[in-house]
Amino acid sequence: MSQRFVVTPAVGGAESPDPATTAEPALVDALPILNYGREPSRYAGDGHSRENSPIVNNGDMERESFFEGKNMALFEEEMDSNPMVSSLLNKLANYTNLSQGVVEHEEDEESRRREVKSPGMGTFIGVYLPCLQNILGVILFLRLTWIVGVAGVLESFLIVFMCCTCTMLTAISMSAIATNGVVPAGGSYYMISRSLGPEFGGAVGLCFYLGTTFAGAMYILGTIEIFLTYISPGAAIIHPKSEGDEAMALLNNMRVYGTCTLVLMAMVVFVGVKYVNKLALVFLACVVLSILAIYAGVIKSAFDPPDIPVCLLGNRTLSRRSFDVCAKVHSTNNGTGTTMLWGLFCNGSSPSATCDEYFAQNNLTEIQGIPGVASGVLLDNLWSAYADKGVFVEKKGTPSVPVAEESRSSSLPYVLTDIVTYFTMLVGIYFPSVTGIMAGSNRSGDLRDAQKSIPTGTILAIVTTSFIYLSCIVLFGACIEGVILRDKFGEALQGNLVIGMLAWPSPWVIVIGSFFSTCGAGLQSLTGAPRLLQAIARDGIIPFLQVFGHGKANGEPTWALLLTAFICEIGILIASLDSVAPILSMFFLMCYMFVNLACAVQTLLRTPNWRPRFRYYHWTLSFLGMSLCLALMFICSWYYALFAMLIAGCIYKYIEYRGAEKEWGDGIRGLSLNAARYALLRVEHGPPHTKNWRPQVLVMLNLDSEQCVKHPRLLSFTTQLKAGKGLTIVGSVLEGTYLDKHTEAQLAEENIRSLMSAEKTKGFCQLVVSSNLRDGMSHLIQSAGLGGMKHNTVLMAWPESWKEEDNPFSWKNFVDTVRDTTAAQQALLVAKNVDLFPQNQERFSDGHIDVWWIVHDGGLLMLLPFLLRQHKVWRKCRMRIFTVAQVDDNSIQMKKDLQTFLYHLRISAEVEVVEMVENDISAFTYEKTLVMEQRSQMLKQMQLSKTEREREAQLIHDRNTASHSAVAARSQAPPTPDKVQMTWTKEKLIAEKYKNKDNTVSGFKDLFSLKPEWGNLNQSNVRRMHTAVKLNGVVLNKSQDAQLVLLNMPGPPRNRQGDENYMEFLEVLTEGLNRVLLVRGSGREVITIYS
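Note that this is a predicted model, so its numbers are computed, not measured. Sequence order sets the numbering: in each chain, residues are counted from 1 along the sequence as written. With the structure being a predicted model, the display of local features is reserved for residues of pLDDT at least 70 and the display and counting of side-chain atom pairs for 80 or more, all residues being used for whole-chain, interface and lining totals. Hydrogens and water molecules were not included; the side-chain quantities draw on all heavy atoms of the structure.

Student: Now, about the nonpolar core: what can you tell me, with residues and values included?
Tutor: Grouping buried Ala, Val, Leu, Ile, Met, Phe, Trp, Tyr and Cys residues that are joined through side-chain atoms within 4.5 Å yields what is termed a nonpolar core. Burial here depends on accessible area, computed with a 1.4 Å probe over protein chains only, as a share of the maximum for the residue type. Under 20% is buried, over 50% is exposed, and the range in between is partly exposed. If you look at the biggest cluster of nonpolar residues, it comprises 162 residues, and the most contacted ones within it are Tyr430, Tyr469, Phe476 and Ile480. Note on conventions: DSSP H or I runs of at least 4 residues are helices, E runs of at least 2 residues are strands, and numbering of each starts at the N terminus. Sorting elements by how many residues they give to this core places helix α8 (residues 187–231) first, with 21 residues. Contacts are residue-level and defined by heavy atoms, with any inter-residue pair within 4.5 Å sufficient. Those residues in contact with Tyr469 that lie beyond four places of it in its chain are Ile135, Leu136, Gly137, Leu140, Leu144, Val160, Tyr430, Ser433 and Val434. The next biggest cluster of nonpolar side chains, apart from the first, holds 52 residues, and it includes Val699, Met756, Ala797 and Phe844.

Below, the structure written as structure tokens:
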């Protein structure tokens, strides 16, 4: 018997149930699997009714009533953020990638976009046929025979093999990336961007979009060229007005017909991708028939070669567009008469007319243009025949009588070369014929299973087309005469297509097949390019392209199609296929290069998410493909390669500067993390050498009640000090516990980051939640940074509110922070009156940065003004260095020594030595000390309870007793000098300490007679106050108008009972100055005279 348990009814129902029916609790089965077996349509496999599941259908049922008594009650509080596995699997199983484009499916579920049913095309129709149509394009029918004739069979084979190897290696890399997760619409862009990041992805994706769009223009131009040259030459609308206007008239006709064809194709694409595929099948059938006709013609030529005579004058090929009989004279009823060819070379039709010298001395012969595969002509076509522009197309081995002066008049019917030919140029012309390998991946949103279809279809298409190209090269060289191969436009064949004359049963099979092949490739380009642009626009990485992410209700990219048609029209208006093709090669090669780079980076990084289903890849293959792509770019055209890289670089910087920040887990970020890890491990853990020292700053920020930064000018000063160099950590402390304050911590961190962005502070933000501010600041000083990249300097603002009664602990935290930095051997910078410091937009046109060098603690005082003057704010300020001389010092020699020292430091500054005259302590100093001690006592009384007051009274009594003992001991033994490095020498310091105190003591007694309470003052505090007052007067006298004053910061007292007096000393020391930076060095040298 199954176990049974009680289920309590839900609270808050619509109506109160009948008491009679609720007397006994309901009993239900504790085995939900049995219910699932009885009603599989109502249960999701997790024991919950699917109609009530808040995860699947987001029902309004109360959480408590739903999970109460269920098997998963232990996890019920996590269900809001962590869904049930069964629900997640159900979502993934019903996932369609067409509707969401390139937005991740998590974001799509949140926005609840309407799902659109995918057309669900398979490998054959969705990938194999589009790739086949794009690859078997214009070059195969219009240029491949000419390439074989010019480069020879061997070099042509090398060209095709090199290009096909490049595309095969790229397809292997692309297959690995495509099978490493779901590939939404815009496949090639999506693969690059998610593997190399938004900057690389956007730059390469946009270049690939432009390449695909101009490829559409190239295919349309090829279609019109076939139509006007081989199908219907009489269909030209614009006719030449004179003999020299034929080329311009042809270009204008191509512009008119090309524009009409583009509009027609755009309308077909707008109707829908289904109709494009139906038309593509018809076009591809013609292409397949054309290729079969070529192979059939080759086989037929082995035993029955076609009769296609070619006329040669000497060894020069003649164009048969203007004559029919290959002879100088022919027999007639009245005897012998001249032919039409005679009239072309002579100035009359009579036998006595003056003729061209070469025509007169050489004989006319006829050879077979297509001797057949068994003729042995392959040996003659093995080697290249590169030539300059305007050179005669000649047959090697045929006797010819040379003449002294050549006549190259355009009226003579010679076949001439139209361009300069060389190996690298032929590579650039041929490569666009293999650039259709991305046709399937570009339409991945229309595929049923992109991960399976893209690798299989693409690689099969490349294998098929590579076999066709390579076999055609060998067969063309074995069947067709070399002079016919080098005749680009078939002039020796009366203007017929060369490859068409080889085909069986009719040349029109090839002509019509090539026409529909280029039409199909153009349609495929116009189908893929708008989807690529739509994918880029929907990602939002390029702001001005956002509008092109919208489309029709079924997902068709309408606006992107309009822009594609407009750019394609620009290519058509160029009207020169040879001008567009090299640029296409650059853009496609750049895209292929980055696909290989993406695969190589992901493989070498071994990221946990890199788990492709396609196993036949290796990073060496990707690296080889990337190198081959780069080599082919510069082989084709080095200046086009540089131009394409410049465009991609500009797009990259634009996305980096203006684009949205995206975290896609890309390989470049992984590469950066690996490089950072490697660099951190290489950095020495100990302190760097003096020559490599620079301030790595930890900026301590204070936050208000709304988690906003109190002193934003502190970040401005950080930017001016760092100038973008070195490490900057911006830290802050929130008081409380992390569980209670994590929301406020996130808000504060966002505010700090936005302020850092506004102030252009390049660094890291680190926020700590601690039970009290003191511990939090101590934690930051100890733990901020990582490995060797730790801060060595702390920058903080002076606590202006330390005297206020409602903030009694601010001065205590400040003094303890000073002690922490000293213990950690870190430098400390304290900005006083920080709100008066300049913003980054301000510029000082004049003024001084004054450095008061009292104590030498490592040279940080010298280095800071030099760093500040690198920034535009402080660039025009001059640096002045002041040092203090005692009565016994030689001021002149000190100034010379300081100037020499600065010269060796390579720092330009004015030097001044200020003499401090030894005099008695003034009544003003005693009065300031009295007020200070009274305030200290008051502050202590505010913080002490009754018990603590008694303890404090005892401490005061003990301290007074100890001070009397110390005075008695001081009269017997000299004091030990403090361990500080000062600008004066150690001998002078010892002499100063050993001075006789009798006169001072007598002076004290005289002053005590004026005010009796002065006699109770701590004499140590009196001396410190005397130094602060006197030094403040000297600084005010010299630097009151300075833009910034840098001053040595004295250390806190060793006895913690005098912390509040320490704050008063610093306040008196800097009184009356506008901008002050108190500097306390770490004690180690940070500046050196050596190189």
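Student: Please provide a residue-by-residue account of the environment of Ala492, values included.
Tutor: Relative to the elements of secondary structure, Ala492 occurs in the loop between α16 (482–485) and α17 (498–502). As a C-alpha pair, Ala492 and Gly369 span 123 residues in sequence and 8.9 Å in three-dimensional space. With near-sequence residues (within four places) excluded, Ala492 lies in contact with Pro309, Val310, Thr317, Leu318, Ser319, Arg320, Val415, Ile484 and Asp487.

Student: I'd like to hear about the packing of helix α5 (residues 123–135) against helix α18 (residues 507–539), residue by residue, with values.
Tutor: Axis separation between α5 and α18 bottoms out at 8 Å; the angle between their running directions is 120°. Judged by the angle between their axes, α5 and α18 are oblique. Handedness of the crossing formed by α5 with α18: left-handed. The residues of α18 that touch α5, namely those facing Pro130, Gln133 and Asn134, are Ser517, Gly520, Ala521, Gln524 and Ser525. Just so you know the grouping, Ala, Val, Leu, Ile, Met, Phe, Trp, Tyr, Cys and Pro go in nonpolar, Asp, Glu, Lys and Arg go in charged, and all remaining residues, Gly too, go in polar. Looking at the contact of α5 with α18 residue by residue, the classes come out as 2 nonpolar, 6 polar and no charged. An axis is simply a line fitted to the C-alpha atoms; with a helix, the fit covers only the stretch in contact. Between two such axes, the angle follows the N-to-C directions and lies from 0 to 180 degrees. What sets the label is the angle itself: under 35 degrees gives roughly parallel, over 145 gives roughly antiparallel, 65 to 115 gives roughly perpendicular, and the rest give oblique. Crossings are sorted by hand: turned counterclockwise from the far helix by less than a right angle, the near helix makes the crossing left-handed, and turned clockwise it makes it right-handed.

Student: Mind laying out the pattern of salt bridges, listing which residues take part and the relevant values?
Tutor: Any two side chains of opposite charge can pair, on the condition that their charged atoms come close. Here a salt bridge means any side-chain nitrogen of Lys or Arg lying within 4 Å of a carboxyl oxygen belonging to Asp or Glu. Under the definition given, this model contains 13 salt bridges. Put simply, Asp850 and Arg880 hold a salt bridge, and the shortest N to O gap is 2.7 Å. Within this pair, whereas Asp850 is found in strand β13 (residues 848–853), its partner Arg880 is found in strand β14 (residues 878–885), the two being separated by 30 residues in sequence. The class of Arg880 is buried, set by a relative accessible area of 17%. Taken together, the shared-partner salt bridges in this structure form one network comprising Arg774, Asp816, Arg819 and Asp820.

Student: Describe the sheet that holds strand β11 (residues 793–797), with residues and values.
Tutor: Only strands that DSSP links by at least two bridges are regarded as paired with each other. Pairing is mixed across the open sheet formed by 10 strands, whose spatial order is β10-β9-β8-β11-β12-β17-β16-β13-β14-β15. The open sheet has two edge strands, β10 (764–770) and β15 (910–915), and neither has a second partner. Pairwise comparison of adjacent strand axes, ignoring direction, gives a mean angle of 20° for this sheet. Pairing of strand β12 (residues 827–832) with strand β17 (residues 1076–1080), which is carried by 5 bridges, proceeds in the antiparallel orientation. The residue of β17 that forms the bridge with Ala831 is Leu1077.

Student: Lay out a nonpolar patch on the surface with the relevant residues and their values.
Tutor: Taken together, the side chains of Leu630, Phe634, Trp638, Tyr639, Leu642 and Met645 make up a nonpolar region of the molecular surface, amounting to roughly 590 Å² of accessible area. Of all the secondary structure elements, the ones that give two or more residues to the nonpolar patch are α21 (619–636) and α22 (638–658). Residue contributions to the nonpolar patch peak at 4 residues, all from α22. Summarising the element assignment, Trp638 is placed in helix α22. In this structure Trp638 comes out as exposed when scored by relative accessible area, which is 53%. Within the patch definition used here, like charges are joined within 9 Å and nonpolar side chains (Val, Leu, Ile, Met, Phe, Trp, Tyr) within 5 Å, considering only residues with over 30% relative accessible area and no salt bridge. To measure how exposed things are, a 1.4 Å probe is used in the Shrake-Rupley method; for residues, cover is taken only from the protein chains shown.

So yeah, pure geometry; function would need other evidence.
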